[in-house]
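Structural overview
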Amino acid sequence: PDGSSVSEIVATYIKPNEQLSSFERLEIYNRQYWFRLIASVSEDFPALNAILGARRFDELILAYLKDNPSTSFSLRDLGAKLPSWLAHHPELTAAQHDLAVDVARLEWAYIEAFDSATQPPLNAAELATLGPESVLALQPHIQLLALRYAADELVLAAHKTQPATGAASNAVTAKKISKRRRMPRPRHSLIYLVVHRYQDAVYYRRIDQEEFQLLSAIQHGDPLAGAIDKAFHQTTRTPSEQLTNIRDYFAHAAELGWLVIPALPATDESVS
């Protein structure tokens, strides 16, 4: 910053050798650092790599890291901004932009679902006391996604070529397959997904629009009556069908332990 020569500064504490100057020896570690950052992001987005191809994917990762350098002590957080950043850079994905953004969102949702906390789910007695004004929450690891493509098929296919990660679709566990598979053809189809963790494995569960809107409203903190109203706001289903749907939605959520008591807001306590 003050105009001093980096080479001269480095020479004061790093010895040269017969092949490399002091500065060149330091550059080895500089490059290793960047290779590690690039590898870290790449490991978290294998499906994005698969659909874009190695050259375009490498260009994307370098551009992303330039705009979003590491600011955390953990490399786990390095790819957190990639889905939202990618949405504003269609020049890096060309005709596959919408698909690439969906895939990136789903792959990061996997990371969040795998790492986030689990709280004690509501038990049968607590569920029986719920009323219209009751406010619930979803497990912290649950991610809700509305996608424009059947990106779950692509992501599962890509993860099957990777070391076992615990990703699965509904009840089907993704097994490690060393042989590279051909990626399925992307289908343009609006889908709604719950990405959640169950018994230390991450699952992608497809749901309908009404269940997605119900869970989104619960996650937002709406009372149950309001959440149900939002779920069926523009539905074409009959009242009888809606009643059956509501029963099924809550039965599934309770069975999988998705519903929890909302966390109390933190309060400042003075110590005398």
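Residues numbered from 1 in each chain as written. Predicted model: local features only at pLDDT ≥ 70, side-chain atom pairs only at ≥ 80, totals over all residues. Heavy atoms only, no water.

**Regarding the overall build of the protein**
Rules: In this text, helices come from DSSP runs of H or I with a minimum length of four residues, and strands from runs of E with a minimum of two, each type numbered from the N-terminal end. Each residue is assigned to one of three classes by its accessible area relative to the maximum for its type, calculated with a 1.4 Å probe on protein chains only: buried under 20%, partly exposed between the two thresholds, exposed over 50%. Accessible surface is estimated by sampling points in the Shrake-Rupley manner with a 1.4 Å probe; for residues, cover comes only from the protein chains shown.
Across its full length, the protein holds eleven helices and seven strands. Residue burial in the protein is summarised as follows: out of 272 residues, 39% are buried. Surface exposure of the protein reaches about 16200 Å², of which carbon and sulfur atoms provide 54%.

**Observations concerning unusual backbone geometry**
The backbone phi angle of Ala94 is positive, close to 55°, even though this residue is not glycine. Examined against the element boundaries, Ala94 turns out to sit in the loop between helix 5 (82-87) and helix 6 (97-115). The backbone of Gln199 shows a phi angle near 50°, a positive value even though the residue is not glycine. Among the structural elements, Gln199 can be located in the loop between strand 5 (188-198) and strand 6 (201-207).

**Details of the packing of aromatic side chains**
Filter applied, for reference: Any two rings among Phe, Tyr and Trp, with Trp reduced to its six-membered ring, count as a pair given centres within 6.5 Å; such a pair is stacked if its planes are under 30 degrees apart, edge-to-face if over 60, and tilted if neither.
Under the definition given, this model contains seven aromatic pairs. Judged by centre distance (5.9 Å) and plane angle (80°), the ring pair of Tyr33 and Trp34 falls under edge-to-face. Taking relative accessible area as the criterion, Tyr33 reaches 43% and is therefore assigned partly exposed. The interplanar angle of 15° and the centroid separation of 6.4 Å between the aromatic rings of Phe45 and Trp108 together place this pair among those described as stacked. With Phe45 in the loop between helix 2 (22-44) and helix 3 (46-52) and Trp108 in helix 6, the pair connects residues that are 63 residues apart, well separated along the chain. A relative accessible area of 8% places Trp108 in the buried class.

**Overview of the packing of helix 6 against helix 8 (residues 151-159)**
Note the cut-off: For helices, the fitted line uses only the C-alpha atoms of the stretch in contact; every axis is such a line through C-alpha atoms, and the angle between N-to-C directions lies from 0 to 180 degrees. Throughout, the term roughly parallel applies to angles under 35 degrees, roughly antiparallel to angles over 145, roughly perpendicular to angles from 65 to 115, and oblique to all others. Crossings are assigned a handedness: left-handed for a near helix turned anticlockwise from the far helix by less than a right angle, right-handed for a clockwise turn. By the convention used here, residues are in contact when the closest approach between their heavy atoms is within 4.5 Å. Note on residue classes: Ala, Val, Leu, Ile, Met, Phe, Trp, Tyr, Cys and Pro are nonpolar, Asp, Glu, Lys and Arg are charged, and everything else, Gly too, is polar.
For the pair helix 6 and helix 8, the least separation of the axes is 9 Å and the interaxial angle reads 60°. Regarding the angle of helix 6 to helix 8, the classification is oblique. Where helix 6 crosses over helix 8, the two elements pack in a sense that is right-handed. Contacts between helix 6 and helix 8 pair Leu99, Asp102, Val103, Leu106, Glu107 and Tyr110 from the former with Ala151, Asp152, Leu154, Val155 and His159 from the latter. Of the residues assigned to the contact of helix 6 with helix 8, the class counts are seven nonpolar, one polar and three charged.

**What about the pairing of strand 2 (residues 143-149)?**
Two faces make up the sheet, and in a regular strand the side chains alternate between them. For the record, the criterion: Only when DSSP finds a minimum of two bridges between them are two strands counted as paired.
In terms of burial, strand 2 is largely enclosed, as five of its seven residues are buried. Judged from the six bridges that link them, strand 2 and strand 5 form a sheet pairing that is antiparallel. Counterpart to Leu144 in the pairing with strand 5 is Val194.

**A few points about the pairing of strand 5**
Judged from the seven bridges that link them, strand 5 and strand 6 form a sheet pairing that is antiparallel. Among the inter-strand pairings, Val194 is bridged to a residue of strand 6, identified as Arg205. Connecting strand 5 to the next strand, strand 6, in antiparallel fashion are two residues, including Gln199 with a positive phi near 50°.

**A short note on the environment of Ala109**
Secondary-structure assignment places Ala109 in helix 6. Taking the relative accessible area as the measure of exposure, Ala109 reaches 4% and is therefore buried. A sequence separation of 36 residues divides Ala109 from Leu145, and the C-alpha atoms of the two residues are 8.4 Å apart. If near-sequence neighbours (up to four positions away) are discounted, Ala109 is found in contact with Gln143, Leu145 and Val195.

**What to know about the nonpolar core**
As a reminder, the rule being used: The criterion is simple. A nonpolar core is a set of buried Ala, Val, Leu, Ile, Met, Phe, Trp, Tyr and Cys residues joined through side-chain atoms within 4.5 Å.
If you look at the biggest cluster of nonpolar residues, it comprises 41 residues, and the most contacted ones within it are Leu48, Leu82, Leu86, Val103 and Leu106. Broken down by element, the residue count for this core peaks at eleven residues, all from helix 6. Once you skip the residues sitting within four places of it in the chain, Val103 turns out to touch Ala47, Leu48, Ile51, Ala151, Leu154 and Val155.

**Some thoughts on the side chain of Glu211**
Going by this rule: We score Asp and Glu as negative and Lys and Arg as positive, and we do not count His or the chain ends. Just to be clear on terms, a salt bridge is a Lys or Arg side-chain nitrogen sitting within 4 Å of an Asp or Glu carboxyl oxygen.
Among the structural elements, Glu211 can be located in helix 9 (residues 209-220). Comment: no salt bridge for buried Glu211; closest opposite-charge side chain is Arg205, at 5.3 Å. Ignoring anything within four residues of it in the chain, the contact list for Glu211 reads Tyr249 and Trp258.

Functional significance is not addressed by these values, which are geometric in nature.
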